[in-house]
Amino acid sequence: MRKSQLGELTVSSLGLGCMGMSQSYGVRGDDDESIATVHAAIDAGCTFIDTADVYGDGANEELVGRALAGRRDEVVLATKFGFQSPAAGQSLPSGVNGSPEYARSAIDASLRRLGVDHVDLWYLHRRDPQVPIEETVGAMAEAVEAGKVRYLGLSEVSGDTVRAAHAVHPISAVQSEWSLWTRDPETGVLPTLRELGVGFVPFSPLGRGFLTGQITSPDDFPADDMRRGMPRFSGENFQRNLDLVAKVRSLAESKGVLPSQLALAWLLAQGNDIAPIPGTKRRTYLEQNLGAVDVTLTAEDLAELDAAFPADAVAGDRYNAGGMEMVGR
C-alpha cells in the first residue's frame, strides 16, 4: 500500500469509506460482513477508516467502533460532525449546526459511540452559513488541545473557507466528491489546498458506483437507495452518463483492469496529497478496489481518460437543489 500526506498526517493512499455499511445505498449491510471488510482492509494496509456521526444516525460509528476493538492503534480513524440527526420519521438530516456548543457535544458523542479516547481526523461535515467558520474551527481546535482529536478537516467547502479556517488552526484535509465524473475540485478548492499544504480526500471516487460499470439501469437500485433521487441517475441523464462510463470500461479492458480500478488509479495519479476513500461493505469489492494501487497510468493513459470523460461532460447535478446549496460554502 502506498502512503499519502494530508498536511502532517500520513495515511494509506486508499482508505475505506464506511457510510454504505449503515445507510444510503439500499438495505443496510450485514454487520458481520462489514466488520470482516474493515478487518480485511486493515490486514491489506488500507488503514485510513472514514465514518461520520450522521451515518445511520450514529449506528455507523458504533459499527466501526466494534470493528476496531483491539485494533485501534493500527488505523487512522476519521469521523465528521455538523449534520443534525434526522427529525422523527425522516431519513435525511434535519440541517447543519456548526455552533461551538454543538461541536463540543458532537466530539464527545462520537468518541463514546466509537469506543475510543481520540480520533485522528475530525471534519466539519458541512459549513453552517449561520456561524462564522472561525468560531466553528475554534471549538474544533479546543478538542485538539484536549487530546480528543489529532488533526482537523473540512468537507465540501470553498477555498475561501479553507483559507479562513486554516488561519485559526491548521487544516490537514478537505473531503469532497472527486472522480472522473465530478471534476469541480480541480478548478475550485484544490489550488487553494495545494497552496496551503492541505491534503484532499475524495469521497465517492467511483461515482457512487456508476464508474464500476456494473450499473446499467435505474432498476438496479433498491427502492430505498438514495441514488434514485439524484439528478445524475434520473431520466435522460442516466443514459448520457452511461455512455461515458462505456468509454471508461473500454479503456479498462484494453489495460486488462476493472473500470473501478482504472477510475481509482486515475485519482491516485493526481498526487501523493490525495487519498480516495471508496466505500464498500463487502470484502469482494474491497479486494477489487485495492487492486488499483498496482495500476500504473502513463501520461498517454491519463490523456485518453480526460478525452473520454471531459470535465464538463456529465449530465445532471450531484444532489437535488437543497443538497447543492450545502456544498462549496
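Structure's up top.
As a starting point, this report considers the structure included with it. Everything quoted here is computed from the prediction, not taken from an experiment. (Residues numbered from 1 in each chain as written. Predicted model: local features only at pLDDT ≥ 70, side-chain atom pairs only at ≥ 80, totals over all residues. Heavy atoms only, no water.)

### Section: the packing of aromatic side chains
Point 1. Evaluated as defined, the whole model comprises 8 aromatic pairs.
Point 2. Between Trp181 and Phe233, the ring centres sit 5.4 Å apart and the planes meet at 70 degrees, which makes this aromatic pair edge-to-face. Placement of Trp181 in the loop between β10 (171-177) and α6 (184-187) and of Phe233 in the loop between β11 (199-203) and α8 (235-255) is noted, with a sequence separation of 52 residues between them. Here the two residues Trp181 and Phe233 agree in accessibility, since each one is buried. (Phe/Tyr/Trp six-rings, centres within 6.5 Å; stacked < 30°, edge-to-face > 60°. Helix = DSSP H or I, 4+ residues; strand = E, 2+ residues; numbered from the N terminus. Buried < 20%, exposed > 50% of the residue type's maximum accessible area, 1.4 Å probe, protein only.)

### As for the pattern of salt bridges
Point 1. Applying the stated criterion to the full structure yields 18 salt bridges.
Point 2. Lys148 serves as the salt-bridge partner of Asp108, at 2.8 Å between the closest nitrogen and oxygen. Of this pair, Asp108 sits in helix α3 (residues 100-114) while Lys148 is found in the loop between α4 (133-145) and β9 (149-155), placing the two residues 40 residues apart along the sequence.
Point 3. One network of salt bridges, with partners in common, ties together Glu156, Glu177, Arg208 and Arg318. (Salt bridge = Lys/Arg side-chain N within 4 Å of Asp/Glu carboxyl O.)

### Some words on the environment of Leu16
Point 1. One can find Leu16 in strand β3 (residues 15-17).
Point 2. A relative accessible area of 1% places Leu16 in the buried class.
Point 3. Sequence spacing of Leu16 and Asn289 is 273 residues, and the spatial spacing of their C-alpha atoms is 9.7 Å.

### Topic: the pairing of β10
Point 1. For β10, the tally of buried residues reaches 7 of 7 residues, placing the bulk of the element in the interior.
Point 2. Across 4 bridges, the pairing between β9 and β10 is parallel. Within the sheet, the bridge partner assigned to Gly153 lies in β10 and is Ala173.
Point 3. Handedness of the crossover is the feature at issue here: the chain leaves β9, passes through helix α5 (residues 159-168), returns alongside β10, and the resulting connection is right-handed.
Point 4. Direction of pairing for β10 relative to β11: parallel, over a ladder of 5 bridges. (Pairing = 2+ DSSP bridges. Right-handed = clockwise from strand over helix to strand, strands pointing away.)

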